[in-house]
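# Analysis of the macromolecular model
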Amino acid sequence: MAEQATWGEAQEMAIYRPGQRVEIKHRPGIVDTVIAYDPSMVPPVVLANDPQPRYPEELNLVSPLGSGFNWLNPWAKSGSSSQLAIGRR
């Protein structure tokens, strides 16, 4: 019988997909790229320039430049200088 990924593993596989940029927490400022997530491997995250596989807890996700999300105005385009107009008349 083939092994199936658990819900948590499936979520991690979606987050730590190949091409995702990450920063190793104990090496701030150093960004690497995920090349594989293998739930049968411990630790499961394989990086392009790090010979040691990593646990997700050791990594910070790095969002691509220009893809920021404006929580105050989620309909605004990224990088725009929209202001929140609550309470104005």
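Look a little higher up for the structure.
Residues numbered from 1 in each chain as written. Predicted model: local features only at pLDDT ≥ 70, side-chain atom pairs only at ≥ 80, totals over all residues. Heavy atoms only, no water.

So, about the overall build of the protein chain. Helix and strand counts for the protein chain come out as one helix and four strands. The helix and strand sequence of the protein chain, counted from the amino end, reads α-β-β-β-β. Counting over 89 residues, the protein chain shows a buried share of 19%. Partitioning the contacts of the protein chain with sequence separation of at least 6, the portion at a separation of at least 24 is 36%. Accessible area for the protein chain stands at about 7,000 Å²; split by element, carbon and sulfur atoms hold 57% of it. (Helix = DSSP H or I, 4+ residues; strand = E, 2+ residues; numbered from the N terminus. Buried < 20%, exposed > 50% of the residue type's maximum accessible area, 1.4 Å probe, protein only. Contact = heavy atoms within 4.5 Å. Areas by Shrake-Rupley, 256 points an atom, 1.4 Å probe, with all protein chains shown as cover.)

Within the element layout of this structure, arginine 54 appears in the loop between β3 (45-47) and β4 (59-62). On the basis of relative accessible area, arginine 54 is assigned to the buried category, the value being 5%. Note: C-alpha distance between arginine 54 and proline 43 (11 residues apart in sequence) is 5.2 Å. Setting aside chain neighbours within four positions, we find arginine 54 in contact with Ile24, His26, Arg27, Pro43, Pro44, Val45, Leu47 and Leu59.

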